[in-house]
Amino acid sequence: MQPFTSVTGVAVPLLQDDINTDQIAPVPTQRSLKPDYKDLFFHRARRGADDALDPSHVLNQPQFAAPSIFVTGRNFGCGSSREGAVWTMMAVGVSCIIARSIADLYRENCLQNGVLPIELPDHVADTLEKRIVTANGAEPFTVNLETQLISGPGGPDIAFEISHADRTRLLEGLDDIGMSLKHASEIAVWEERARSASPWLQRALRSPDTEPAK
Amino acid sequence: MNKPQTMLDKLWDAHFVAQRLDGRNMIYIDRHVLHELHAPHAFEQLEKAKRGVRRADLTFSMQDHTVATKPGRTQSTNPDGEQFQVAMREGSNRYGIRLFDLHDPEQGISHVVAPELGLVLPGATHAVPDSHACTVGGLGALGIGCGTSELEHILITQTLAMKRPKSMRITLDGTLHPYVSAKDLSLRILSLFGASFGRGYAIEFAGEAVRALSVEARLTLCNLAIEMGSRSGFVAPDEKTFAYLKGRPYAPHGAEWEAALAQWRTLPSDEGANFDKELRVDCSELAPQITWGTDLSQTISVTDAVPALDGDAEAVTKKQRALAYMGLDPGQPILGLKVDRVFIGSCTNARISDLRTAAAMIKGKRVASGVTAMAVPGSTSVKRIAESEGLDQIFKEAGFFWGESGCSMCAGGNGDRGKPQERIVSTTNRNFEGRQGKGVRTHLSGVEVAAASAIAGVIADPRTIG
Ligand code: SF4
């Protein structure tokens, strides 16, 4: 995974609560194993009833065509577990999401992909949102994970919190599977113990005489 | 004496493998159930990385999200679904994973099939790359929905790396009235506490109202834990749970059954165990619930009016947006709204008990003209049982479409979708904008309100339908 140290670029404000993964990356009308994640990006939300792009939607405004930082409200990314809702962010160039809160599964999916999820308390979010709306894409913002500061036009730097563990994981670009495989021997030990402690869990075998009627 | 433990503590400690460099706990996954929408991507990643599946014997594959419901279906009946089903079959074969394929007599929605086959057991961890993995908590398991990278991680390591969730207990008191069911309990909780209060917690549902629920109803209750913001929700196992599981194909049997029982009896939270958060709801006067808006906290009793535009500016904007999408005026009664479609199905409400409830209500009646009504069994086994009881005839004679099992209109992944502006009463679990088709107006409810509304042609109170 790519390490994340900092990002500088356009911050786009989509200031709503409860934006779900169906909105972020809707199920396309034509399902495909390899969808165009760039095109999926808020595909329906950005369009009007006639399927044409709605020019008044913030995501369609030219100054926000290539955002790096995505700013939003509470409970962002709730709903379905689809990781495509993170991949679509990455496809358009977003590598940092700043929200008032982020749904657990979505936050986890961000970390898996090296996208920085930041949650800000309301009073801090209020200030930052105002500054981002005022900047309106004309001047860049910077999010620095090393210093844990957000900087940009309209005021002083804003500090954010992130757990030490998540910070390390992103800064070092730690590969999730690699990190776990370091514990392969502990997995084997656990299995050995479970085989005697609860053997029915270490085996998923069909009992005889339970074949379904054809 | 040892410190009293919650059931979550017990489950977590029993599955703890190691603590990782990033502080996450590696938790062993006892059962891993895949579906065709997300597994193919992970299979491809595995192949690229030249890695194998650690425990194919504890992994199972389902075809559910993209399968057609049309009688006589094949994998190409839903043309978009074919590539997923083919990739699922190839991947499962390659890694030696038992696949419940399209024509398997036990095919179905993973969260319906796993309990009925006894694939999921009390005290087990159960992961699915699907947010409604929490459903199986109804049997006293820890269901964990995961993303695609996590799915790959489980295939390789048979573990999931997570932060330990905090514990929350929601105690539901009181006795439910007739025509009020588990779905109404979950919807009520959502209307009281919102759509994200459970973030970071695993929820234990407890109390008199929960103990009185059948095992299948507990699955329905836990199904909506994710809509509360929790990745897991569960009910402590009891004698009902054990009776439900006994003799199921993958449940332990013989001497092992007795050993398992003894262990399962130790699972419930100890007296005096400390929860990080406790909530209590009196359910004795609960009426059938229905959603009026576009998230699940926007729920009212079926006899209530749609909310007025009050609250702060933010709340008003949010309501306005939902009302506009749903084509509703503030303050209007929800009863009597004309309905275009009714859908009875999904991992929330398509088990045999759900179909029996609906069939009993519609028997000898007709779906109102102008209403398209569908009943889609949650699994092929459910369908077979229903047909042996003649329920299919009752549905068909009433004018319902009776289909093959799968997710169907829940997310429309198989092509079953509504048309713009259509109003649907649906027993599914998400009323998000566009979930059941572009512009479709979804009202979520239990089976009782859905069946009553199909017959009345308008949103109806099941308690007043004779
Ligand atoms: S029925 Fe709906 S919620 Fe359940 S697994 Fe299928 S698509 Fe997901």
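Okay, so let's go over this structure. (Residues numbered from 1 in each chain as written. Chains lettered and ligands numbered in written order. Predicted model: local features only at pLDDT ≥ 70, side-chain atom pairs only at ≥ 80, totals over all residues. Heavy atoms only, no water.)

### Re the site of the ligand
Residues and elements named next belong to chain B. Surrounding the ligand, one finds H65, I109, H111, D130, H132, S346, C347, C407, C410, N429 and R435. Within the shell around the ligand, the residues separate by chemical class into four nonpolar, five polar and two charged. Of the residues that make up the shell around the ligand, three or more belong to each of domain 1 (7-162) and domain 3 (291-465). (Near = heavy atom within 4 Å. Nonpolar A, V, L, I, M, F, W, Y, C, P; charged D, E, K, R; others polar. Domains from an automatic or database assignment.)

### Observations regarding the interface of chain A and chain B
Contact with chain A, which involves 70 residues of that partner, is made by 83 residues of chain B. Carbon and sulfur atoms make up 51% of the surface buried where chain A meets chain B, a total of about 6,200 Å² over both sides. Run the count over chain A and chain B and you get 15 salt bridges. Note that D22 of chain B and R169 of chain A form a salt bridge whose closest N and O atoms lie 3.5 Å from each other. Where chain A packs against chain B, one counts 36 residue pairs in polar contact (both at pLDDT 80 or more). A total of eight residues in the side of chain A that touches chain B trace back to one element, the largest contributor, which is helix α8 (residues 184-197) of chain A. Residue composition of the side of chain A that touches chain B, by class: 26 nonpolar, 21 polar and 23 charged. (Contact = heavy atoms within 4.5 Å. Buried area = accessible area lost by both parts, 1.4 Å probe. Salt bridge = Lys/Arg side-chain N within 4 Å of Asp/Glu carboxyl O. Polar contact = N/O pair within 3.5 Å; in protein donor to acceptor, adjacent residues only side chain to side chain. Helix = DSSP H or I, 4+ residues; strand = E, 2+ residues; numbered from the N terminus.)

### Quick word on the sheet that holds strand β10 (residues 201-206) of chain B
Residues and elements named next belong to chain B. The strand order β11-β10-β9-β12 describes an open sheet built from four strands, whose pairing is parallel. Strands at the two margins of the open sheet, each flanked by one partner only, are β11 (232-235) and β12 (277-282). Strand-to-strand twist across the sheet, computed as the mean angle between neighbouring axes with direction ignored, equals 20°. Bridge count between strand β9 (residues 166-173) and β10: six bridges; the pairing is parallel. Opposite T171, over in β10, you have A206 as the bridge partner. (Pairing = 2+ DSSP bridges. Axes fitted to C-alpha atoms, helices over the stretch in contact; angles between N-to-C directions.)

### Topic: the packing of aromatic side chains
Scanning the entire structure with this criterion turns up 15 aromatic pairs over all chains. A ring pair is formed by W190 of chain A and Y28 of chain B, whose centres lie 4.1 Å apart and whose planes are at 15°; its orientation type is stacked. With W190 of chain A in helix α8 and Y28 of chain B in strand β2 (residues 25-28), this pair bridges two chains. In textbook terms, an aromatic cluster arises when at least three aromatic residues are bridged by ring pairs, as seen for F41, F42, F70, F76 and Y106 of chain A. Above the plane of the ring of F100 of chain B lies R98 of chain B, whose end atom (NZ or CZ) is 4.0 Å from the centre. The side chain of R248 of chain B reaches across the aromatic face of Y244 of chain B, ending 3.9 Å from its centre. (Phe/Tyr/Trp six-rings, centres within 6.5 Å; stacked < 30°, edge-to-face > 60°. Lys NZ or Arg CZ within 6 Å of the ring centre and 35° of its normal.)

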